[in-house]
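Examination of the molecular architecture
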Amino acid sequence: MTERMFGAGETVAVLTTEPLGPFLDYRAPEGGCGTGDFVEVPLGPRRVLGVVWGAGEGRIDPARLRNIARVLDARPMRAELRSFLARAADYTLTPLPAMLRLATRAPGLFDPPGTRRVYRLAGPVPNRLTDARHRVIEALRDFGGAAVTLSELAEAAACGTGVVKGLVKLGVLAEEEAPRDLPYPRLDPAGAPRLAGDQIAAGRALVEAVSAAAYRAFLLKGVTGSGKTEVYLDAVAETLRQGRQALVLLPEIALTADFLSRVEARFGARPGEWHSGVTQTERRRLWKMAATGDVGLVVGARSALFLPYQSLGLIVVDEEHDTSYKQEEGVLYNARDMAVLRAAIVGCPVVLASATPSLESWANAEAGKYTRLDLSARFGTAEMPGMRAIDMRAESPAPNRWISPKLARGVEARLAAGEQSLLFLNRRGYAPVTLCRACGEQVGCDHCDARMVEHRFLKRLVCHQCGETKPIPETCPTCGVAGRMHAVGPGVERLAEEVAERFPEARLAVLSSDLFGSARALKTQIEAIAAGGADIVIGTQIVAKGHNFPLLTLVGVIDADLGLHGSDLRAAERTFQLMRQVAGRAGRAERPGEAWLQTHQPEHPVIRAILGGEEEAFWKAEAAERRLAGVPPYGRMAGIILSGPDLAQVFELGHDLARRSGPLLRAGAEVFGPAPAPVARVRGRHRVRLLVKAPKSVALQPALTEWVAQVKVPGQLRLTIDIDPQSFF
């Protein structure tokens, strides 16, 4: 995209954040404007945010055009970011205004510079404090020295502002006027690397790529605990030496605490953070500092990809296989794929790091599109955990118990040795089903086609689709019989109940995303476990995401068969990844670890591949099956999700689309459906799906655009296109 200046009165095209088509024509203001300038424009009675995209289309009489209200005081959006937004919109079939909203998601971005009142720890903390005052102190410490406003601090501590002001009067906190949006501390790249073995060659390859300042994609594949982070931090150091910026994406906010500590130890200061746990004030600051180059390293969630970096020199996607990189609501995009796209546009290296890479990345490495770097051994003296299956056909627990005798003995041995055990079950809540033993009816959500899950800690039934809750009933809502409601099957809360009964002296910690009110609380719990604050950890898939627990020597998977038999084409891949990642939490320090998988199918090919460590054989077999079926990564797919309050109307639209499939058929694609979605109703809206499948060579997006343009979607209905779907619910 070329840069251009426009004189006062010239017609310019402005992209706004409003859903009104891509561009609107305006007259340049007094003093002119340039391509990429952030502007405020009149739209009806309001003024809205926009970006000057180029010359206007000129379809409207210039005399009828309105002037741009003002050019905002901010660095213009760079050509590479405009190109990235446009190409991401084209690929995902997302309206460009929605992409611009992703790139401007922080409050007060264009407010004039000024000061704000912030709070920090100032004096000694008294030994005796009320619970509310103690929460304020802990919240300030959790912010790690970041400037915090009164409202942000009160919200983080779940207290009134008077509690904070009371601590100011006591001299425990200081209240100060501080300038807005200070630059971040400079990270010192001079620290010596601490690489050994395979790490040295991998680190050298990444450093050379950063020095070349050109696009190149790497798959950094290393066994769990092999030191992938240290390898790519060497590349970050080289990026900083060149005066450029680095971005590291993490799939889980709870991972940031350990990572930030490692960055601070290596570079002498903390990086910028971008995720939902960061205050709005800090988000505004980071957005501005990214644009001016006054932050060297950003660590963030997937939306950090859309920040306006001044000089991006490296992108890292850690745990690149993780499904949370796919945004499933609003703008549907995969941050892993978009990271590769942005690196290609910028002209910088991108590193996809994982112990269990996605089949897409594995296939790209096999095809020579990505350079593969392997770390085959754990760092230092740590060894890979021993793997074994517990055949549940021979090791049957007692009724309503899920820990086998063999696994219980393993946990007892770890308790006696002062070591930690992790019991993994990928089911939130207490029990997945609540049914009436009198009539057999299962309690479902009133708004969704889903069973409600008992959460005993909350004393509620919860729908995991829409979030609706209701009290746990004493009387069956269907037949009216009292006292016959029964919880069926285990969730982590029920497993915790069993553990507390079997090991009453053990300190227990439960890690499940729904049990923590904030990302900060979850990070605190993980830090406590790493420091030895629990003997037995029970967790869902959140524990599989790169955490380092030095005392953990036994991982027990309660139900290794849980994900094997879905209709999802990635069921085997995801089970393999999840089991290997969970097992990788064991034995990451000096003490050797073991991982035991409870399974009813020890002979299943996926279970055998997990136990035998036959990763390459597994990927090759999985790739052969996908290639034969013509599905990703060896074919293309798009999901069409139709929803609305009237099921007949939704199906009518689906059948209309199916009848008009000519544009897809001409392109070489097939259409399947319409059919009820596996979760056929969410939040009171009926859901119907169609699936489009095509060979890899087909230009699918233009055909999809022509196809859906043939139908008019009624006002109450919604049509969503999901390119490269990761889930099919």
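Residues numbered from 1 in each chain as written. Predicted model: local features only at pLDDT ≥ 70, side-chain atom pairs only at ≥ 80, totals over all residues. Heavy atoms only, no water.

1. Examining the pattern of salt bridges
In total, this model carries 40 salt bridges according to the counting rule given. Linking glutamate 230 and arginine 262 is a salt bridge whose minimum nitrogen-to-oxygen distance equals 3.8 Å. Of this pair, glutamate 230 sits in helix H7 (residues 228–241) while arginine 262 sits in helix H8 (residues 256–267), and the two are 32 residues apart along the sequence. Residue classification places glutamate 230 among the buried residues on the basis of a relative accessible area of 11%. (Salt bridge = Lys/Arg side-chain N within 4 Å of Asp/Glu carboxyl O. Helix = DSSP H or I, 4+ residues; strand = E, 2+ residues; numbered from the N terminus. Buried < 20%, exposed > 50% of the residue type's maximum accessible area, 1.4 Å probe, protein only.)

2. A word on empty space enclosed by the protein
Using the criterion set out here, one finds two cavities of 30 Å³ or more in the structure. Each pocket or cavity is described by its volume, and for the largest cavity that value is around 110 Å³. Lining the largest cavity we find 15 residues, and of these His321, Thr323, Arg336, Ser358 and Gln726 sit closest to its centre. Looking at the lining of the largest cavity element by element, the count peaks at three residues for helix H15 (residues 571–583). In terms of residue class, the lining of the largest cavity is built from one nonpolar, six polar and eight charged. Of the pockets and cavities examined, the second largest cavity occupies roughly 60 Å³. If you trace the second largest cavity, you find it lined by Tyr91, Thr92, Lys326, Leu332, Tyr333, Asn334, Asp337, Met338, Ile723 and Asp724. Taken together, the residues that form the lining of the second largest cavity break down as five nonpolar, two polar and three charged. (1 Å grid on protein atoms, 1.4 Å probe; cavity = no way out; pocket = protein on both sides within 12 Å on 5 of 7 lines; lining within 4 Å. Points joined across faces, edges and corners; volume = space filled by probe spheres on them. Nonpolar A, V, L, I, M, F, W, Y, C, P; charged D, E, K, R; others polar.)

3. Digging into the side chain of glutamate 40
With respect to the secondary-structure elements, glutamate 40 resides in strand S5 (residues 38–43). Only 3.3 Å separates the side chain of glutamate 40 from the side chain of arginine 47, close enough to count as a polar contact. Ignoring any residue separated from it by four or fewer positions in sequence, one finds glutamate 40 in contact with Arg47, Val48, Ile68, Ala69, Arg70 and Leu72. (Polar contact = N/O pair within 3.5 Å; in protein donor to acceptor, adjacent residues only side chain to side chain. Contact = heavy atoms within 4.5 Å.)

4. Brief notes about the pairing of strand S30 (residues 685–695)
Of all 11 residues that make up S30, eight are buried, and the element is covered over most of its length. As defined by bridge partners, strand S29 (residues 670–682) adjoins S30 across seven bridges and the pair is classed as antiparallel. When the sheet's bridge partners are listed, alanine 675 is paired in S30 with arginine 689. As consecutive antiparallel partners, S29 and S30 are separated by two residues, and within that stretch arginine 683 has a phi angle of approximately 55°, a positive value. (Pairing = 2+ DSSP bridges.)

5. Some details on the nonpolar core
Core analysis: the largest hydrophobic core is formed by 56 residues, its most contacted members being Leu85 and Ile315. Residue contributions to this core peak at seven residues, all from helix H10 (residues 335–346). Apart from the residues within four sequence positions on either side, leucine 85 is in contact with Trp53, Met77, Leu96, Met99, Leu100, Ala103 and Phe306. Core analysis: the second largest hydrophobic core is formed by 36 residues, Val555, Ala560, Ala572 and Ala586 among them. (Core = buried A, V, L, I, M, F, W, Y, C linked by side-chain atoms within 4.5 Å.)

6. Things to note about the sheet that holds strand S11 (residues 245–249)
In spatial order, the strands read S12-S13-S11-S14-S15-S10-S16; together these seven strands make up an open sheet with parallel pairing. The sheet terminates laterally at strand S12 (272–274) and strand S16 (371–375), the two strands that pair on one side only. Geometrically, the sheet is characterised by an average inter-axis angle of 20° between neighbouring strands, direction not taken into account. Alignment of S12 against strand S13 (residues 297–300), held across three bridges, turns out to be parallel. Bridging across to S13, tryptophan 274 finds its partner in glycine 300. (Axes fitted to C-alpha atoms, helices over the stretch in contact; angles between N-to-C directions.)

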